[in-house]
Structures are given as structure tokens and as C-alpha cells.
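The residues making up each chain are set out below.
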Amino acid sequence: MVHSTPKNRYRTSVQLSNTVNMRLYPVFLSLKSRDCLVVGDGPNARRRARMLMRCGALVTLMAKDKPPASFDGLHRHLDRRFREEDPADYWLVIAAMEDVASNASIAQACQKHRTFCHEVTSQANSSFVLPAIIDRSPLLIAISSGSAATALVLSLKRKLDGLIPAAYAQMGELMDQHQGKLEKMIPKQSERALFWRPLLDGPIAQHASSNTAAHFEQSLEKAMAEYDHKVDAKKRTGFVSLVGAGPGDPDLLTLRALQLIQSADVIVYDRLVSESIVDLRRKDTQMLYAGKAKSEHSMPQVAINQLLVDLAIKGHNVVRLKGGDPFIFGRGGEEIEMLAKNNIPFQVVPGVTAATGCSAYAGIPLTHRDHAQSCVFVTGHLKNDKINLNWKDFHDPTQTIVFYMGLTGLTRICATLIEIGRLADTPAALVEQGTTANQRTHVGTLESLPALVEHRAVKAPTLLIVGSVVSLHKTLNWFQPDQSQADTTQSHFSSEKSHP
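Description of the structure in this document. (Residues numbered from 1 in each chain as written. Predicted model: local features only at pLDDT ≥ 70, side-chain atom pairs only at ≥ 80, totals over all residues. Heavy atoms only, no water.)

**Points about the sheet that holds strand 3 (residues 76-78)**
Inference 1: What the five strands build is an open sheet, ordered 3-2-1-4-5; its pairing is parallel. The outermost strands of the open sheet, each flanked by one partner alone, are strand 3 and strand 5 (116-119). Here the average twist between neighbouring strands, direction ignored, is 20 degrees.
Inference 2: Pairing geometry for strand 1 (residues 35-39) and strand 4 (residues 92-95), over four bridges, is parallel. Paired with Cys36 across the strands is Leu92, a residue of strand 4.
Inference 3: On top of the sheet, helix 2 (residues 42-54) reaches strand 1, strand 2 (58-62), strand 4 and strand 5; it is set at about 170 degrees to strand 2, its chief contact. (Pairing = 2+ DSSP bridges. Helix = DSSP H or I, 4+ residues; strand = E, 2+ residues; numbered from the N terminus. Axes fitted to C-alpha atoms, helices over the stretch in contact; angles between N-to-C directions. Contact = heavy atoms within 4.5 Å.)

**What about the sheet that holds strand 10 (residues 286-289)?**
Picture the strands of a sheet paired through backbone hydrogen bonds; they go either parallel or antiparallel.
Inference 1: If you walk across this open sheet you meet the five strands as 10-9-13-8-14, and the pairing is parallel. Every interior strand has two partners, whereas the edge strands, strand 10 and strand 14 (346-349), have only one. Between one strand and the next, the sheet's axes are offset by a mean angle of 20 degrees, whatever the strand orientation.
Inference 2: In this sheet, strand 14 lies alongside strand 8 (residues 239-244) in parallel orientation, the contact comprising four bridges. By the bridge assignment, Val243 is partnered in strand 14 with Val349.
Inference 3: Across the sheet, helix 11 (residues 301-313) lies against strand 8, strand 9 (266-269), strand 10 and strand 13 (317-322), angled at about 155 degrees from strand 13, the strand it touches most.

**Focus: helix 3 (residues 100-112)**
Inference 1: For helix 3, built from 13 residues, the straight-helix expectation of 18 Å at 1.5 Å per residue is met to within 8% by its first-to-last C-alpha distance of 19 Å.
Inference 2: Along helix 3, the residues that are buried comprise Asn103, Ile106, Ala107, Ala109 and Cys110. Axial view of helix 3: buried residues confined to an arc of 160 degrees, hence all on one face. Of the exposed residues in helix 3, the ones pointing more than 90 degrees away from its buried face are Ala101, Gln111 and Lys112.
Inference 3: Next to the buried residues of helix 3 lie strand 1, strand 4 and strand 5.
Inference 4: Of the residues one or two after helix 3, Arg114 is the one with positive phi, at around 55 degrees. (Expected span 1.5 Å × (residues − 1). Buried < 20%, exposed > 50% of the residue type's maximum accessible area, 1.4 Å probe, protein only. Arc of directions from axis to C-beta.)

Here it is, written out as C-alpha cells:
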């Protein structure tokens, strides 16, 4: 017998103390063909009986009223009072009476017979709780706080419910169907885990986000065939996801964009992707910076196109992360043309483009019944000190014009619009680093805005909005960024350096 020293006893007490902090022991019960009892009348008791029946339990409903004919699958109905000896015949009991005292009596009887009991009116009398459930059978996610924070549990359930595609249910069934064959093919559990990872964490699973589980089945069977024939994993073609990161605020990411970022092997990102979005990646994700700024390219576009192909050929799950929307002045079309040419599988996930994101955060509606009946997106990029646009199309005062990359050419843009007939007092706004804590909205007219901006330290990216709708900014400006935070935050947008 080994005697503990005082020091060892102290360690033991600390360990026990930490263990007690977990109020409940989470467990999933196999109740198929096991007798369970639900006591109570009304929809509350029947709802719980149905849940047990879905698990294959042999459910006895003890209630005064006989359940309707549509209540299929019930093992039996007992029209009598609960007896103290009843729990001895059941694996678990749910006390769903309306009377608190009756429920407490049932729970007490269950305790005597060591039968697990859930008492709907009092957690203190229950030996187990019924959690909030996200059902993607055979995948089940149960959330519980031991009734300590029910509202928080329900809030978390709603969030997770939106993150988990409905097709995961089909994926789970397909995995179950192939499990036996896979265990024979790959006996070691650790090796099976390596087999599943590219399927579940990579692009194949992303197709399930679009409810295309049939594609998952095809990919699973292909992966099993390749493994069975000893195909080198390094020779398997990867996948590229062209993902819009939005204008900067990480809360504006789409759910699928977030899922892809967190499952990528490699992320190729540009200058317009905010640091707060980049930080959403897994810690083991390889980050490749491909930022481009005026007259300074970290990586030429041709090289970026080829990089995506090379990474996919090596079998990587690649996310090409682009600020805003990849198809609006993002050159995303050129990148996927290269992928298609090389037979690389890809998908495109749109993002909130800067025009809609920045204008919304600046309180400037791009269209308005009393101000603008149309809107046009154009690039203000200078080439050889010129902006090659069809300017005659922009003279209509009822049209809002949004210029991407308009900071450098601001003076020329405003002067040209006045030359083609736009009034000099037409409202114009330059939104600086929109949707982020660094956002500033500089408001003036076509005549006054260039001089106003010249005397302010404006940093890219910016978005120029021209039209009568800008006059609504003063009234509708709802977003007030924390300038104290903005002053101390180094904007990732204005940095050309590679992210570690």
C-alpha cells in the first residue's frame, strides 16, 4: 500500500475540485428496444414520448387521455395512476405531469429504484436533463447548461443550426454504410482518421453545404478505390475555392466562406483581406500573401493564377481569399479560367462587395426613390495617368456612380464628371476603409471633395460614391466606429507585408 504525502493529497483534492466543476456527465443512451415510461397528459408529455420513440425505445405513456390514432409507434398506453414500484420495470422515466408535487413524487420513487428520471418542472429532482438538440441523424449535437442558462443554450443552438448543412445527415448515413468495408480496408483507426480528413475537412464536404450529398458519395467511393489501389495521396488533385472575404468586417462573411477558411490547407490572400478575417484560419493553415497595390505587386496576376494550379496539383485544399466579391473588379474570372484550363476542380463563393458594404455602413443607399433609380459600378484605376471609361454614360443626375480604387484618380474623376455635365455641387463621398473600426466618410461635392481629401491622411482602400443619395449620409449615418480603437489599430489594408 502506498501512502500519499501531504503534497500528493493536495494535488488529489485539486483534481477532484476541478472535476466537480462539470455539473453533468454528457452521454448518449442507446434505448432501442428498451422500456421507457412517460407520465403525463397533454402535448408536453407526448412530445417527449415521440422523441423516445424516434430512438427505438419501447415507450409506455401513462396518461388519462388516450393518444390520437396518429400517435404511431407507442408501445402501450396505461390509463392509471403512477405507482411507487413502477420505475423498477423501466430504464428511464420522464415525469411530465402538470402538478409539481406529483412529478417530485415520481422522481423520488425513481431514485429508490435507481432508475434515471427527468422531471420537467424541477431540474433539482432530475437525474438527467434533456438537452437542446441539433438533429442531423445519424449526427446529433446536444447542448446543455444543466438548466443554468437556458436562453444561452437556445441562442447557441440557433447559431450552430445555421452552420451545419442539412445534407450532413445524408453524409452521415453514407459514412455508416461504408464503415464496414472501410474497417476491413484500413484496420487501424488512426489511419482511417487520416483517410477521412481530406473528405470531411476539405472541399468535398463543402459540396454538402449546397445539399449535393450525391457528390460526396461519388468522392467517397473514388477515394476508397484510390486507397485500395495504393494511389499515392500526393498524386490526388486538390481543390480550389475562390472566396469573397467582403469589405473588411468579419461579421459580413458568408457562412460558407467561414467554413472554407477554417478547413483550408492553404490560403492565398490579398491586400484587401482584413487581418481579423485572416485570423479566422486554423493555426496549421499555410498562408501565402499575394497582395497587390498601386504600382507595387507582391505577385503578378499570372503568377497567382499558376500558383493556384500548382497547389491543387499537389493535392491541397486551397482557398483563394479575395477582398469584397471575387467577380467584381477582383480578377476572379481570370483565375478560374486558368483552373478550368488545367482541369482543376473549383467553386466560387460570392462575398459582399465593397460598394454595397461600404455604402451601407456609411448610411448612403445606392438607390432611392427620390434620388436615384439606377446605379453603376466602375473602376477609377489610373493607367498611363488616364481613366479609360465611357464618360458620356455618366451624365444622368438620377444615377449613382460608384468608383472602386478612386483615391489616386479622385481629382481627375471629379473634374471629368463636371466636364460631361454633372453639376459641380453634386454630392460625393469617399468612404475610407469601410465597415472597419478605421472607417471614415469624407463628404463634399464634385467640386470640393478633392481639396478636402488632400488635407486629410486618407488610407486605402477607399470607395467613391457620386450622386444625390450622398446627401442622405448625414441623416442615415448609423455606423459609428470606435475611433480610439481605430487610432491604435494598424490596418492590415494599408500594409504590403506578408502575413506570417
